[in-house]
Amino acid sequence: MFVARVTGSVVATQKVASMTGHKLLTVEPYRVDPESNARLVPTGRTFVVVDTLGAGVGEMVLICQGSSARLTPETEKLPIDAVVIGLVDSVDVGGSVVFSRRDGSRAG
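Rules and cut-offs
Residues numbered from 1 in each chain as written. Predicted model: local features only at pLDDT ≥ 70, side-chain atom pairs only at ≥ 80, totals over all residues. Heavy atoms only, no water. Salt bridge = Lys/Arg side-chain N within 4 Å of Asp/Glu carboxyl O. Pairing = 2+ DSSP bridges. Helix = DSSP H or I, 4+ residues; strand = E, 2+ residues; numbered from the N terminus. Core = buried A, V, L, I, M, F, W, Y, C linked by side-chain atoms within 4.5 Å. Buried < 20%, exposed > 50% of the residue type's maximum accessible area, 1.4 Å probe, protein only. Contact = heavy atoms within 4.5 Å. Phe/Tyr/Trp six-rings, centres within 6.5 Å; stacked < 30°, edge-to-face > 60°.

Asks: Even after reading the chapter, I still don't get the pattern of salt bridges, so can you show me in this structure?
Replies: Here the idea is simple: oppositely charged side chains can pair when their charged atoms come close. For the coordinates displayed, the defined rule picks out 4 salt bridges. What you see here is one network of salt bridges that share partners, running through Glu59, Asp89 and Arg101.

Given below as structure tokens:
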């Protein structure tokens, strides 16, 4: 699992039948800043995830990737590799809050 920020959405009008009605988002993973451990920084990667929770652009989300993405009740029969499994409220590193949903603090 990892933390990512929602950067956009994907629309695919033609897709396999099992994917009809599933919301697709683009996300960019974040990591703890290796220089200071005081904030989250983007990794520079972007990929597509299935969203079953209703996340919006700009939100920090928890992502599950690989075969584990198909272990939720909503995704168990879908041909997917990544899914949003949580909306992040805060991230604490070593006793310090490096991200808070309340104010979007210190994330990239």
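Asks: Whenever I open this one, the pairing of strand S7 (residues 90–93) confuses me. Can you help?
Replies: Consecutive side chains of a regular strand alternate in pointing toward one face of the sheet and then the other. Summarising the sheet, S7 and strand S8 (residues 96–100) pair through 4 bridges and their orientation is antiparallel. Looking at the pairing, Asp92 lines up with Val97 of S8. What sits between the antiparallel neighbours S7 and S8 is a turn of 2 residues, in which Gly94 has the positive phi angle 60 degrees.

Asks: I tried to follow unusual backbone geometry on my own but got confused; where do I start?
Replies: Negative phi characterises most residues that are not glycine, and trans characterises most peptide bonds. The residue Asn37 is not glycine, and still its phi comes out positive at about 60 degrees. Relative to the helices and strands, Asn37 is located in the loop between strand S2 (23–32) and strand S3 (40–42).

Asks: Just to check I follow, could you spell out the nonpolar core for this structure?
Replies: Here is a general trend for soluble globular proteins: nonpolar side chains tend to be buried in one another's company. By size, the foremost hydrophobic cluster in this structure holds 11 residues: Ala4, Val6, Leu25, Val27, Phe47, Val49, Ala55, Val61, Ile63, Ala82 and Val84. Secondary structure elements with two or more residues in this core: strand S1 (2–10), S2, strand S4 (47–51), strand S5 (60–65) and strand S6 (82–87). With residues up to four places along the chain from it excluded, the contact list for Ala55 reads Val6, Lys23, Leu25, Val61 and Leu87.

Asks: What should I look at first to understand the packing of aromatic side chains in this one?
Replies: Aromatic ring pairs are reported here in terms of the distance separating the ring centres and the angle at which the planes meet. According to the stated counting rule, one finds 1 aromatic pair in the structure shown. For the pair Phe2 and Phe47, a centre-to-centre distance of 5.8 Å together with 70 degrees between the ring planes defines the contact as edge-to-face. In this pair, Phe2 sits in strand S1 while Phe47 sits in strand S4, placing the two residues 45 residues apart along the sequence. Judged by its relative accessible area of 22%, Phe2 falls in the partly exposed class. Overall, Phe47 belongs to the buried group, its relative accessible area being 14%.

Asks: How do you make sense of the side chain of Asp33 when you look at a structure like this?
Replies: One can find Asp33 in the loop between S2 and S3. Judged by its relative accessible area of 8%, Asp33 is buried. Setting aside its immediate chain neighbours within four residues, Asp33 contacts Arg39 and Val41.

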